[in-house]
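# Architecture and fold: a report
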Amino acid sequence: MRSRLLSVSTVSALALGLVAAPAAAPLPDTVDYARAASAMTAAGEPFAGWAAHGRRFLLFDPAGDGYAVEVLGDLSTADRVAVLVPGVGTVLADFDRGLGGVARRAPGVQARQLYAELRRQAPQARVAVVAWLGYDPPGGWGLDVVTESSAAAGAAALTRFVGRLAGERPAVAITLVGHSYGSTVLGLAASALPAQVGDLVAIGSPGMGHDDVSDLGTGARVWAAEAPTDWIRRVPGVRVLGLGHGTRPGTAEFGARPLPTDGVRGHDGYLETGSATLPALAEVVLGTRP
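Residues numbered from 1 in each chain as written. Predicted model: local features only at pLDDT ≥ 70, side-chain atom pairs only at ≥ 80, totals over all residues. Heavy atoms only, no water.

Another point: the nonpolar core. Formed by 43 residues in total, the largest nonpolar core has its most connected members in V83, W132 and L176. Element by element, the count of residues in this core is highest for helix α6 (residues 149–168), at eight residues. V83 has contacts with V130, W132, L158, F161, I174, T175, L176 and V177, leaving out every residue within four places of it along the chain. Ranked by size, the runner-up nonpolar core spans 39 residues in total, among them A51, L133, V201 and A225. (Core = buried A, V, L, I, M, F, W, Y, C linked by side-chain atoms within 4.5 Å. Buried < 20%, exposed > 50% of the residue type's maximum accessible area, 1.4 Å probe, protein only. Helix = DSSP H or I, 4+ residues; strand = E, 2+ residues; numbered from the N terminus. Contact = heavy atoms within 4.5 Å.)

Given below as structure tokens:
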């Protein structure tokens, strides 16, 4: 587990929502990006190369397993924002290469795939995608994975981040997308999220910490994608004595709106080109999916 003590010089106040920004500051403030870029340059490759190529991060901290929050598009003008929350085993070192070197598992790659699909469907729309590694996912397949302590901490951090975003941009429409254990984070955050969050999307989810969509305590629409080829289907939809994450959202019993999964490969292929989930998710973000 990574340290919870983050370097002040590398943490964006916006990214974690811990420190109030000046009332007149735009969202995002260029200082946030500059601070992260400086830290990335100091950390060396491959992160220095990311900064040199103009990639924009609200948060970058390489300590321990690391934290990162990357932005695609312009948060200061976007009418619609998607925030992607990754799951088990995600660390900074794999942010762009993916767990085990499998690119489709990488938060940075998934965010670029979704952003490209949004631009393809609506070239004139003002959209942004955030790859949000702003919490400490469980690091393996031990007890942490079947309990919710990491998800609860992630939910608190995500709620602060989204609250700051909604506070700065009250008219923005926000979609939160949780992959695998990231969907558990969404489920625990749901009841505390601002009204600007109109859609919650659980993909490859082991459970959102509840047994029914009505238990989430949110007015947002709740969507789920669970592919026939995803091993998550073998995870029992239970929650007993603090173990397990409740009914899987991909089952009819949970009551979420289903997203198509044709063409999805395994547990990590939902946002690949060629999957039916990717364009459907873009429609959710754009508000064009009934």
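Where burial is concerned, most of strand β1 (residues 56–61) is hidden: five out of the six residues are buried. Across five bridges, β1 lies against strand β2 (residues 67–73) in antiparallel orientation. Among the inter-strand pairings, F57 is bridged to a residue of β2, identified as E70. (Pairing = 2+ DSSP bridges.)

At their nearest, the axes of helix α4 (residues 107–121) and helix α8 (residues 277–286) sit 9 Å apart, and the two run at 70 degrees to each other. With respect to α8, the axis of α4 lies roughly perpendicular. For the crossing formed where α4 meets α8, the hand is right-handed. Of the residues in α8, those touching α4 at Q113, L114, E117, L118 and Q121 are L278, P279, L281, A282, E283, V285 and L286. Of the residues assigned to the contact of α4 with α8, the class counts are eight nonpolar, two polar and two charged. (Axes fitted to C-alpha atoms, helices over the stretch in contact; angles between N-to-C directions. Parallel < 35°, antiparallel > 145°, perpendicular 65-115°, else oblique. Left-handed = near helix turned anticlockwise from the far one by under 90°. Nonpolar A, V, L, I, M, F, W, Y, C, P; charged D, E, K, R; others polar.)

In spatial order, the strands read β1-β2-β4-β3-β5-β6-β7-β8; together these eight strands make up an open sheet with mixed pairing. Bordering the open sheet on either side are β1 and β8 (257–258), each of which pairs with just one other strand. Two strands pair when backbone bridges link them, and strand β5 (residues 173–179) and strand β6 (residues 197–203) are joined in this way by six bridges, in the parallel orientation. Following the sheet pairing, I174 is matched in β6 by V197.

On to the pattern of salt bridges. All chains considered together, the criterion is met by 13 salt bridges. The network of salt bridges with common partners includes R55, E70, D96 and R112. (Salt bridge = Lys/Arg side-chain N within 4 Å of Asp/Glu carboxyl O.)

Turning to the side chain of E117, a few remarks are in order. Topologically, E117 is positioned in helix α4. For E117, a relative accessible area of 10% translates into the label buried. Those residues within four positions of E117 in sequence are excluded, and the remaining contacts are L278, P279 and A282.

Now for empty space enclosed by the protein. Throughout the structure, instances matching the rule amount to one cavity of 30 Å³ or more. Of the volumes computed, that of the largest cavity is approximately 50 Å³. The wall of the largest cavity is formed by L84, V85, P86, P107, Q110, V177, G178, H179, I203 and L271. Elements that contribute at least two residues to the lining of the largest cavity include exactly β3 (80–85), α4 and β5. Per-class residue counts for the lining of the largest cavity are seven nonpolar, three polar and no charged. (1 Å grid on protein atoms, 1.4 Å probe; cavity = no way out; pocket = protein on both sides within 12 Å on 5 of 7 lines; lining within 4 Å. Points joined across faces, edges and corners; volume = space filled by probe spheres on them.)

Right, let's talk about the confidence of the model for the chain for a bit. When pLDDT is averaged across the chain, the result is 85; 82% of the residues are at 70 or more. Here residues 1–26 is modelled with pLDDT under 50, and outside its nearest four sequence neighbours on either side it reaches 63 contacts, counting other chains as well. (pLDDT = per-residue confidence, 0-100.)

Another point: the packing of α6 against helix α7 (residues 181–189). For any two helices packed against each other, the geometry is given by the interaxial angle and the distance between the axes. Put simply, α6 and α7 touch, their axes get as near as 8 Å, and they point 60 degrees apart. Judged by the sense of rotation from one axis to the other, the crossing of α6 with α7 is right-handed. Residues S149, S150, A151, A152, G154, A155, L158 and T159 of α6 form the contact with α7, whose participating residues are Y181, T184, V185, L186, L188 and A189. Split into classes, the residues belonging to the contact of α6 with α7 amount to nine nonpolar, five polar and no charged.

Counting buried residues in α8 gives eight out of 10 residues, a clear majority hidden from the surface. Among all positions in α8, only T277, L278, A280, L281, A282, V284, V285 and L286 are buried. Among the structural elements, β3, α4, β4 (127–133), β5, β6 and β7 (221–225) are those in contact with the buried residues of α8. Backbone geometry just after α8 places G287 at a positive phi near 80 degrees.

Moving on to unusual backbone geometry. The linkage connecting E45 with the following residue, P46, adopts the cis geometry, with an omega of 5 degrees. Tracing the sequence through the fold places P46 in the loop between α2 (30–43) and α3 (47–52). At S180, a residue that is not glycine, the phi angle is positive and equals roughly 55 degrees.

As a further point, take the environment of V102. Turning to its location among the elements, V102 is positioned in the loop between β3 and α4. Each C-alpha atom of the pair V102 and D268 lies 9.2 Å from the other, and the pair is 166 residues apart in sequence.

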